[in-house]
Each structure stands twice: as C-alpha cells, then as structure tokens.
Amino acid sequence: MLASVAPMISVIVPIKDEPPGAAASFERFASMPGAELIVVDAREGTRGACLARAACEARGSVFFFVHADSTPPENALDLIREEVTRGAAAGAFSLAYEDADPPMRWIAWWANLRSRLLRLPYGDQGIFCRRDAYEAAGGFRPLPICDDLDLVRRLRGAGRFVIRPEVTVTSARRYRARGPLRQVLRVWKVVGGYFLGVSPERLERWYYGSR
C-alpha cells in the first residue's frame, strides 16, 4: 500500500497596518517541505478581496490564514496536517497575547471560550481549512472588515471545525493604544453590527475611525 502524501499547506499572511518587517517571522514557512508562504499586500483593496485572490493563486490543498502581527505555534503545520488527516474540514488555534497583563489574559480567556463554544475564532488566532472546504463555503468575500468571521461562519457548514488548544500569540498593540475596555467595546460593536447587517463600510469606520 502506498503511504499517504502529506498535504501541502499554503500559509497566507495579509499585511495592512503592520510595521515594516512584520511578516519576517513567517519566513520559516517558506523553506519548510510541503509548504509555501504567500504574503498579501492588503492595502491594494479590501482585505477579504486580497485574501480571496491569494487563495486562488495558492498551490496547497490546505490553507492557513494568519495575521501578520500574530505568531502561530512552532509546529503549527504539523498540527494542521494532523487535524486534516483525522478528517477536519477547518479549524483554528487558541489565542494568547504578547506580554499579556491581567486585562489581556482576561480578554484572551473570553476569546477562547467563544471559540470553543461557538466555533467562532478570529483571524489573529490563525484559521486553517482544506481547499475543498474553502471552495464549498464560497471563500472570502470582498469585505474590508469581519472577513475572517464571515468566512468562519460558512466554513462551519463545510465539515468538522476544530479548535486546537495550542496558542497563537498575537500583538496587543491596538488594545494598548486605545485602552483594553475601549477596544473590547469597539470590537463588540463591530461584530454586533456585522450580525445585524450593518454595511461593511460603516463597520470599517466604526473600527478604524476616519481614515
């Protein structure tokens, strides 16, 4: 019997408001066997549209979408292959914040509870999926914000969706710049507006303010 071939994973990283060199930590994926790295300039259109274009160009049978200011587990690709081999259609990692103080640990705890109970992780946790599940779900829509939440809602209907206990460590810069409580309330407002059908353009203004 022929041994099964490990699926190729396309690591797709959008760059928008991050500082120069933000994606440097992902360069290790470019040299890994069975992986490719695609860095997307999300300033050239909405983030959703740029990620959709990258997925079309990707060669992998599995996609791993992760934000540039996040650092996934060291063995992230092995863990993703393990879940896909077991039959998972999609999933994500758990969340932790860089240099977290008590407020940020509390925010991460609630984010992980939401992820486990509702299967609604965000892009800073790192979202992975099989190509066929991505295509069955309709892929990314050209949204400027909530593109990750929008995709995850549809991926949950494409097959088993898992949340791994290993953490992706993400930057807390926006929480520190705006204040943890203000940023949490801003995120809740945007997410609530998304579920209520508020236009993507208004949601973007709510999150980023006037640009």
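Scroll up to find the structure.
Counting restarts for each chain, with residues numbered from 1 along the sequence as it is written. pLDDT decides what is reported in this predicted model: residues at 70 or higher carry local features, side-chain atom pairs at 80 or more are listed and counted, and totals for whole chains, interfaces and linings draw on all residues regardless. Just so you know, side-chain values use all the structure's heavy atoms and leave hydrogens and water out.

### Thoughts on the sheet that holds strand β1 (residues 9-15)
Each strand in a sheet pairs with its neighbour through backbone hydrogen bonds, running either in the same direction (parallel) or in the opposite one (antiparallel).
For step 1, the next point in the chain: We treat two strands as partners when DSSP finds at least two bridges between them. Secondary structure elements are defined from DSSP: runs of H or I of at least 4 residues count as helices, runs of E of at least 2 residues count as strands, and each element is numbered from the N terminus. The strand order β2-β1-β3-β6-β5-β7-β4 describes an open sheet built from 7 strands, whose pairing is mixed. Sheet topology places β2 (35-41) and β4 (70-71) at the edges, where each strand pairs with a single neighbour.
For step 2, the next point in the chain: Pairing between strand β3 (residues 62-65) and strand β6 (residues 127-130): 4 bridges, direction antiparallel. Looking at β6, one finds that F64 is bridged to F128.

### Observations concerning the pairing of β3
Remark: a regular strand shows side chains that alternate across the two faces of the sheet.
For step 1, the next point in the chain: Per-residue accessibility, obtained with a 1.4 Å probe over protein chains only, is compared with the maximum for each type, and a residue is labelled buried under 20%, exposed over 50%, and partly exposed between these values. Across the two faces of β3 the burial is the same, with V62 and F64 and F63 and F65 all buried.
For step 2, the next point in the chain: Inspection of the sheet shows β1 paired to β3 by 4 bridges, in the parallel sense. By the bridge assignment for β3, I9 is matched with V62.

### With respect to the pattern of salt bridges
For step 1, the next point in the chain: For this analysis, a salt bridge means a side-chain nitrogen from Lys or Arg found within 4 Å of a carboxyl oxygen belonging to Asp or Glu. For the coordinates displayed, the defined rule picks out 16 salt bridges.
For step 2, the next point in the chain: Between K16 and E204 there is a salt bridge, with the nearest N and O atoms lying 3.9 Å from each other. Taken together, the residues span a long stretch of sequence, with K16 in the loop between β1 and α1 (27-30) and E204 in helix α9 (residues 200-208) at a distance of 188 residues.
For step 3, the next point in the chain: A salt bridge links R47 to D147, with the nearest nitrogen and oxygen atoms 2.9 Å apart. Here R47, found in helix α2 (residues 47-57), pairs with D147, found in helix α6 (residues 147-155); they are 100 residues apart in sequence, far enough to count as distant.
For step 4, the next point in the chain: Taking relative accessible area as the criterion, R47 reaches 14% and is therefore assigned buried.
For step 5, the next point in the chain: Here D147 falls in the buried class, since its relative accessible area comes to 2%.

### A word on the layout of surface pockets
For step 1, the next point in the chain: As defined here, a cavity is a set of points on a 1 Å grid over the protein atoms alone where a 1.4 Å probe fits but cannot get out. A pocket is an open set with protein on both sides within 12 Å along at least five of seven lines, and residues line them when an atom is within 4 Å of a point. Grid points are joined across faces, edges and corners, and a volume is the space filled by probe spheres set on the points. There is about 860 Å³ of room inside the largest pocket.
For step 2, the next point in the chain: Mapped by element, the contributors of at least two residues to the lining of the largest pocket are β1, β5 (90-97), α4 (102-118), α6, α7 (173-178), α8 (180-195) and α9.
For step 3, the next point in the chain: The biggest single contributor to the lining of the largest pocket is α4, with 8 residues.
For step 4, the next point in the chain: Of the residues belonging to the lining of the largest pocket, the class tally is 24 nonpolar, 6 polar and 9 charged. In the scheme used here, Gly and all other residues not listed as nonpolar or charged are polar, with Ala, Val, Leu, Ile, Met, Phe, Trp, Tyr, Cys and Pro taken as nonpolar and Asp, Glu, Lys and Arg as charged.

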